[in-house]
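# Observations on the model geometry
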Amino acid sequence: MGRRAYLLMAFLALLLVVVVFVLPSDSSEKKPSALPPFGGDFSLKSHLGDTFTLSSVQGSFALVFFGFTHCPEVCPLGLKKMSDVLDLLPQTSSSRLAPIFITVDPLRDTPSVLASYLSSFSPKIVGLTGTEAEIADVVKRYAIYAEKVALHDSAHGESGHAESGHGNGDYTVNHTTHFILLDPRGNFVKLYADDLTAQDITRDLALVMGGG
Ligand SMILES: [Cu+2]
């Protein structure tokens, strides 16, 4: 009997080990962690002052470019290129493409600043801004690099205001330069690197969008 009791104890102990360590418990039933989801919907303020959500242009492709209005070169060229693409695309395609410019400098790029800046480019482009937290969230979800860099030496010093020895608070923002193409459901399709011409992008967009 002593031996049978011992075997029973051993069996129960083994069963306990199996239950605790081998069978999955409730808390470990989550699926294996996937990559963080890219992109997704957002709600920002347009250059016209109204609320803009990505879901409001569902049914259209979206061409998204992140930048800022004080940008010396990359953004003017990027927005010119985006404007050219909109002109070059056949109407059947361009009417199904939402061109979006999202600022990475929401402190300076208010809706009215964006509106004034965008008046130099295609009127189809929607400029978006928001609070710093809102922009930071979208920047993160769309895997955008954007880093504020102080400008210590202003190109021109104004006499009479030369007191401060720590710069004038002016800054630039280094940022990614590609366009992001989203499909009509907001899913990521591809990036267009900034070495592509408007013609390159137009040709590819026409293929991707299935338009002529
Ligand atoms: Cu820029």
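Here the structure is a predicted model, which is why all the values come from computation and not from measurement. (Residues numbered from 1 in each chain as written. Predicted model: local features only at pLDDT ≥ 70, side-chain atom pairs only at ≥ 80, totals over all residues.)

### A look at helix 2 (residues 74-88)
The cut-off we apply is this: The numbering of helices and of strands both runs from the N terminus, where a helix is a DSSP run of H or I of at least 4 residues and a strand a run of E of at least 2. For a helix, the expected span equals 1.5 Å multiplied by the number of residues minus one. Residues are called buried when their C-beta atom has 20 or more other C-beta atoms within 10 Å, exposed when it has 12 or fewer, and partly exposed otherwise; all C-beta atoms are positioned from the backbone. Arc, as used here, means the arc of the directions from the helix axis to the C-beta atoms. Each residue gets a C-beta atom placed from its backbone, and two residues are in contact if those atoms lie within 7 Å.
Between the first and last C-alpha of helix 2 there are 21 Å, a value that for 15 residues agrees with the 21 Å anticipated at 1.5 Å per step. Among all positions of helix 2, only C75, G78, L79, K81, M82, V85 and L86 are buried. Axial view of helix 2: buried residues confined to an arc of 155°, hence all on one face. Looking at the packing, one finds that the buried side of helix 2 touches strand 3 (61-67), helix 3 (91-94), strand 4 (97-103) and helix 6 (198-209).

### Observations concerning the confidence of the model for the chain
Our working definition: The predictor's confidence in any single residue is recorded as pLDDT, a number from 0 to 100.
Across the chain, the average pLDDT comes to 85, with 75% of residues at 70 or higher. The low-confidence segment residues 16-25 (pLDDT under 50) makes two contacts with residues lying over four places distant or belonging to another chain. This model gives residues 157-165 a pLDDT under 50, and the stretch forms one contact once residues within four places in sequence are excluded.

### Describing the nonpolar core
Here is the rule: Any set of buried Ala, Val, Leu, Ile, Met, Phe, Trp, Tyr and Cys residues joined through C-beta atoms within 7 Å is what this text calls a nonpolar core.
Formed by 40 residues in total, the largest nonpolar core has its most connected members in A62, L63, V64, I100 and I102. The set of elements that each furnish at least two residues to this core consists of strand 3, helix 2, strand 4, helix 4 (111-118), strand 5 (126-129), helix 5 (132-141), strand 8 (179-182) and helix 6. The dominant element in this core, judged by the number of residues it contributes, is strand 3, at six residues. Residues within four places of I102 in sequence aside, it is in contact with L44, V64, F66, L128 and V138.

### Structural notes on the sheet that holds strand 9 (residues 188-192)
Rules: In this description, strands pair whenever DSSP reports at least two bridges between them. Throughout, an axis means a line fitted to C-alpha atoms (over the contacting stretch in the case of helices), and angles, computed between N-to-C directions, take values from 0 to 180 degrees.
Spatially, 2-1-5-4-3-8-9 is the arrangement adopted by the seven strands of the open sheet, whose pairing is mixed. Of all strands in the sheet, those bounded by a partner on one side alone are strand 2 (51-53) and strand 9. Averaged over all adjacent pairs, the angle separating strand axes in this sheet is 35°, with direction ignored. The sheet contact formed by strand 8 and strand 9 spans four bridges and is antiparallel. Across the sheet, L181 pairs through a bridge with K190, a residue of strand 9. Sheet strands in contact with helix 2 are strand 3 and strand 4, and its direction is about 165° off that of strand 3.

### Brief notes about the environment of S56
Positionally, S56 belongs in the loop between strand 2 and strand 3. Overall, S56 belongs to the partly exposed group, with 14 C-beta atoms counted inside 10 Å. Through-space distance from the C-alpha of S56 to that of F42 is 9.9 Å; in sequence the pair is 14 residues apart.

### Things to note about unusual backbone geometry
A positive phi angle is found at A143, which is not glycine, with a value near 55°. Note that A143 resides in the loop between helix 5 and strand 6 (146-150). Under the C-beta neighbour-count criterion, A143 is labelled partly exposed, with 13 such atoms within 10 Å.

### So, helix 6
When the terminal C-alpha atoms of helix 6 are compared, their 16 Å separation across 12 residues agrees well with the 16 Å that a helix rising 1.5 Å per residue should span. Turning to helix 6, its buried residues number three or more, namely I201, T202, L205 and M209. Looking straight down helix 6, one finds that the buried residues subtend no more than 100° of arc, so they occupy a single side. Turned more than 90 degrees away from the buried face of helix 6, the exposed residues are Q199 and L207. Tucked inside the fold, the buried residues of helix 6 contact strand 3, helix 2, helix 3 and strand 9. Taken from the residues just after helix 6, G210 is the one with a positive phi, measuring 75°.

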